[in-house]
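# Observations on the model geometry
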Amino acid sequence: RISFIKYHRHEEINAYLSRLAKDYPNLVSIQNIGKSYEGRDLDVIQISTNSSAGKPVIFIDAGIHAREWIAPAVALYAINQLVENKDNANLLEKVDWNILPVLNPDGYEYTHSTLLQRFWRKTRSQGNKCIGADANRNFDFHWAEIGSSSDECDDTYHGKHAFSEIEAIALSNYISQNKNRIKLYLTLHSFGQLILYPWGYTSELPRDNEELLSLGEAVAESIKNVSGTNYIVGSSTNILYAAAGGSDDWAKGVAGVELSYTIELPGGGLLGFDLPTWKILGVAKETWEGLKTFCKHISEKF
Ligand code: 0X9
Ligand code: ZN
């Protein structure tokens, strides 16, 4: 059984996905959507009952930022609940779930394996004087605008050009190919206890601000009901900061996935990203309740 009292390495995570595909062939399949810069597999787990139906899809990714370890852990918990807990079968009746638990595995592994690099954020692609780009500044929508850096060595470096990072390309291709079915795009980050929606490139609110806000509030409410954890809900620019070139803005602005969210999970530890392992399960469980609320909305709407 997969444990939630530790953070797993990328290989263990992908091995778990493969095992689920083997053990639950009628429910689970793995789609490889490409490789990272250093050659690690970007595997999406597709969880679906009678998949011929072409149901609406909830797509979730995590781990675009290397150091935010709680995000892949929460994604893994959701996978575990959807596949291995029979009580959650109702969550698969009307929607399919596609989950990519580690979008930036090179960075994630670097934070695990390299002494003093626990807080690395970017990818690991080779630049002229520094390594890596912020994959969440690399998407081709208002690329290189506000809140991103043109300095290779900065943590928010937007990359040489839009989609210079192979991981961002892989994700965007997958979303583009499935954009008619993906009704919710959700990207897990840490930290801050925020439920963010577009836009990150402007303080202007999206046309459907009302729906994005009220669904976000409903999700926050269901999380609060578990353990009292408070989330703030709003547009990225208005409640956090302006930062262009993010995956959430791209999903909505280019792929047309109207319901697009970033969840900033709770922090902990020394710098916020290093939440101690004993806190993983609590965060995973409360967030899972929020995911159920997203699912309810998608089930009722589509
Ligand atoms: O800055 C980010 O990429 C995210 N915060 S984090 O501390 N995890 O790095 C927030 C992204 C919000 N979305 C956009 N700005 N598009
Ligand atoms: Zn992040």
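Residues numbered from 1 in each chain as written. Chains lettered and ligands numbered in written order. Predicted model: local features only at pLDDT ≥ 70, side-chain atom pairs only at ≥ 80, totals over all residues.

Keep this limit in mind: UniProt positions are given in the numbering used here, feature names are shortened, and annotations may be inferred rather than shown by experiment.
The name that an unreviewed UniProt entry assigns to the chain is Zinc carboxypeptidase A 1, with the source organism given as Ignelater luminosus. The record in UniProt for the chain states the following under Cofactor (unreviewed entry): "Zn(2+)".

### Some remarks on the overall build of the chain
Here is the rule we go by: Working definition: helices are DSSP H or I runs of at least four residues, strands are E runs of at least two. Numbering for both runs from the N terminus. Only C-alpha atoms enter the radius of gyration; for comparison, a globular chain is expected to reach 2.2 Å times N to the power 0.38, where N is the number of residues. Here the C-beta atoms are placed from the backbone, and a residue counts as buried if at least 20 other C-beta atoms lie within 10 Å of its own, exposed if 12 or fewer do, and partly exposed otherwise.
Each helix and strand counted, the chain has eight helices and eight strands in total. At 18 Å, the chain has a C-alpha radius of gyration in line with the 19 Å of a compact globule built from 302 residues. Structurally, the chain occupies a C-alpha span of about 50 × 40 × 40 Å along its principal axes. A total of 302 residues make up the chain; the buried ones form 51% of that total.

### Some points on the packing of helix α5 (residues 209-227) against helix α8 (residues 280-301)
Selection rule: Here, axes are lines fitted to C-alpha atoms. For helices the fit covers the stretch in contact, and angles between N-to-C directions go from 0 to 180 degrees. In this scheme, a crossing is called left-handed if the near helix is turned counterclockwise away from the far one by less than a right angle; it is called right-handed if the turn is clockwise. Here the contact rule is simple: place C-beta atoms from the backbone, and any two residues whose C-beta atoms are within 7 Å are in contact. Lys, Arg, Asp and Glu make up the charged group, whereas Ala, Val, Leu, Ile, Met, Phe, Trp, Tyr, Cys and Pro make up the nonpolar group; the residues left over, Gly among them, are polar.
Taken N-terminus to C-terminus, the directions of α5 and α8 make an angle of 145°; their axes are 8 Å apart at the nearest point. At the point where α5 passes α8, the crossing takes the right-handed sense. Along its contact with α5, which presents Leu215, Ala218, Val219, Ser222, Ile223, Asn225, Val226 and Ser227, the element α8 presents Gly282, Lys285, Glu286, Thr287, Glu289, Gly290, Lys292, Thr293, Phe294 and His297. For the contact of α5 with α8, the residue count by class is six nonpolar, eight polar and four charged.

### Concerning the UniProt feature "active site" (unreviewed entry) in the chain
In this numbering, the UniProt entry assigns the feature "active site" (unreviewed entry) to Glu264. On the secondary structure map, Glu264 appears in strand β8 (residues 259-265). Filtering out sequence-adjacent residues up to four positions away, Glu264 remains in contact with His189, Ser190, Phe191, Gly192, Gln193, Leu194 and Leu196.

### Looking at the sheet that holds strand β4 (residues 96-100)
Stated precisely, the cut-off is as follows: Should DSSP find at least two bridges between two strands, the strands are taken to pair.
Strand order in this open sheet of eight strands is β1-β2-β4-β3-β5-β8-β6-β7, and the pairing throughout is mixed. Sheet topology places β1 (28-35) and β7 (232-235) at the edges, where each strand pairs with a single neighbour. Going from strand to strand, the sheet's axes swing by 20° on average, the running direction of each strand aside. Relative to strand β2 (residues 41-47), β1 runs antiparallel, the two being bridged by six bridges. Bridge pairing links Ile30 to Ile45 in β2. Seen against the sheet, α5 touches β6 (194-197), β7 and β8 and runs at an angle of roughly 160° to β6.

### A word on unusual backbone geometry
Residue Ser190 is joined to Phe191 through a cis peptide bond whose omega torsion reads 5°. Cis geometry marks the peptide bond from Pro198 to Trp199; its omega dihedral reads 10°. Residues other than glycine seldom take positive phi values, yet His142 does so here, at roughly 55°. In this fold, His142 is placed in the loop between α3 (105-113) and α4 (166-177). Despite not being glycine, Ala144 shows a phi value in the positive range, around 65°. Relative to the helices and strands, Ala144 resides in the loop between α3 and α4.

### Focus on the environment of Arg1
Along the chain, the position of Arg1 falls in the segment before α1 (10-23). In the structure, Arg1 is positioned 164 residues away from Glu165 in sequence and 34 Å away in space, judged by C-alpha atoms.

### Comments concerning α3
Judged by how many residues are buried, α3 sits mostly within the fold: seven of nine residues are covered. Within α3 the residues assigned to the buried category are Pro105, Asp106, Gly107, Tyr108, Glu109, Tyr110 and Thr111. The elements touched by buried residues of α3 are α1 and α2 (70-84).

### Focus: the site of ligand 1
Keep this limit in mind: Here, nearness means that the C-beta atom of a residue, built from backbone geometry, sits within 6 Å of the molecule or strand in question.
Taken together, 14 residues sit near ligand 1, with Asn136, His189, Gly200, Ala243 and Gly246 positioned nearest. Put simply, the parts of the chain that give the shell around ligand 1 at least two residues each are α7 (247-253) and β8. Split into classes, the residues belonging to the shell around ligand 1 amount to three nonpolar, seven polar and four charged.

### A closer look at the nonpolar core
To keep it simple, the criterion reads: As used here, a nonpolar core is made of buried Ala, Val, Leu, Ile, Met, Phe, Trp, Tyr and Cys residues. They are joined through C-beta atoms within 7 Å.
Grouped together as the largest cluster of nonpolar side chains are 90 residues, with contacts concentrated most on Ile58, Val74, Ala75 and Ala78. When residues in this core are grouped by element, the largest group, 11 residues, is from α2. Setting aside its immediate chain neighbours within four residues, Ala78 contacts Ile60, Ile99, Trp288 and Leu291.

### Focus: the pairing of β7
The cut-off we apply is this: Crossovers are described as right-handed under a simple rule: with the strands pointing away from the observer, the path leading from the first strand over the helix to the second runs clockwise.
Note that β6 and β7 share four bridges and pair parallel. Its bridge partner being in β7, Leu196 is matched across the sheet by Gly234. Note that the unit made of β6, α5 and β7 has a crossover that is right-handed.

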